[in-house]
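# Report on the structure
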Amino acid sequence: MRTIAPRVVLASRASEWEMLLARHATAGQARFFLERRGGDPDELITRHRRQLEALSTVELAVPSSWRRTRITRSQFAGFLFEPSDVVVAVGQDGLVPNLAKYLNGQTLLGVNPDPDRYEGSLVRFAPSEVAAALPASLHHVEERTMVEAVLDDGQRLVALNEVYVGHESHQSARYLLRCPSGEERQSSSGLVVTTGTGAGGWARSIVRERRSEAALPAPTDDKLAFFVREAWPSVATGTRLTAGILGVRERISVVSEMEHGGVAFGDGIELDRLTVEWGQRIEIGIAAELLRLATP
């Protein structure tokens, strides 16, 4: 019986130079715009060329018997991923969570086109390593925990790094928080519920600002951590339940007392969000989905 060859989905986002060209139509106008503001167009062009070279190297590394296709970030939401796809993300670390919420068991391999600019915590492969890494990626993966937020009307979002719940302005949000340690009416600048993968980003900033010694979950742990941002003490609101750990069957819920502007979004993508009306309940916990991340 003949089996279908794996398909490589090569995913990227437009470079800064490409975005400037889209706005200004010609290279000359893009240069003029940058130079008038003290920018260096040659630096952006160099970054753009590095990305093109990385994409070309990766495409040439795909075995000749495998299928292949290319997509950009604007196409992620509508793209039909096949169960056997190997998704190769070429770009900054943030491209991986952009993709992760649209996957369901597919392996993702991250490629770093510019190690001088991108940390590489999620894009761990150099373009030159992809030829050897692609066949191995079918077997050598680690499973990253993801977080979900579910509204009481059934709407849902999934994120790799973290979920934010609060007011769209990031200013004062009023709500009733219920967590394994109890419940409390709060007024704050919102909650952040992070995975172990996200513990190196927004959550780490919160922990450092608080000078906390809280142990954050590791990327593959079946745990989440939550933090309430700038909780305000008053006669009606408290500050007792401002951080905690959630296990695999534990969830927190937020009952909105915001007259307008209540939102939930994942991985910092504010345009892709749920609207949380007054009186609605949203629950946050570990998602059933896992990200299968190829390992070196």
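Calculation notes
Residues numbered from 1 in each chain as written. Predicted model: local features only at pLDDT ≥ 70, side-chain atom pairs only at ≥ 80, totals over all residues. Heavy atoms only, no water. Core = buried A, V, L, I, M, F, W, Y, C linked by side-chain atoms within 4.5 Å. Buried < 20%, exposed > 50% of the residue type's maximum accessible area, 1.4 Å probe, protein only. Helix = DSSP H or I, 4+ residues; strand = E, 2+ residues; numbered from the N terminus. Contact = heavy atoms within 4.5 Å. Phe/Tyr/Trp six-rings, centres within 6.5 Å; stacked < 30°, edge-to-face > 60°.

### Overview of the nonpolar core
Counting residues in hydrophobic clusters, the biggest one holds 27 residues, and the most contacted among them are Leu177, Val193, Ile252, Val254, Ile282 and Ile284. Counting residues per element, the ones that place at least two in this core are strand 5 (141–151), strand 6 (156–159), strand 7 (162–167), strand 8 (173–179), strand 10 (191–194), strand 11 (224–228), strand 13 (252–256) and strand 16 (281–294). At 4 residues, the largest contribution of residues to this core is made by strand 8. With near-sequence residues (within four places) excluded, valine 193 lies in contact with Val147, Asn161, Glu162, Val163, Leu224, Ala225, Phe226, Leu246, Ile252 and Ile284. Judged by nonpolar contacts, the second largest core, of 21 residues, contains Ala11, Leu99, Leu108 and Leu160.

### Side note on the packing of aromatic side chains
Counting across every chain of the model gives 3 aromatic pairs. Ring geometry for phenylalanine 79 against phenylalanine 81: centres 4.8 Å apart, planes inclined by 70°, an arrangement best described as edge-to-face. For the ring pair tyrosine 164 and tryptophan 202, a centre distance of 5.9 Å and an interplane angle of 15° mean the geometry is stacked. Of this pair, tyrosine 164 sits in strand 7 while tryptophan 202 sits in helix 6 (residues 202–210), and the two are 38 residues apart along the sequence.

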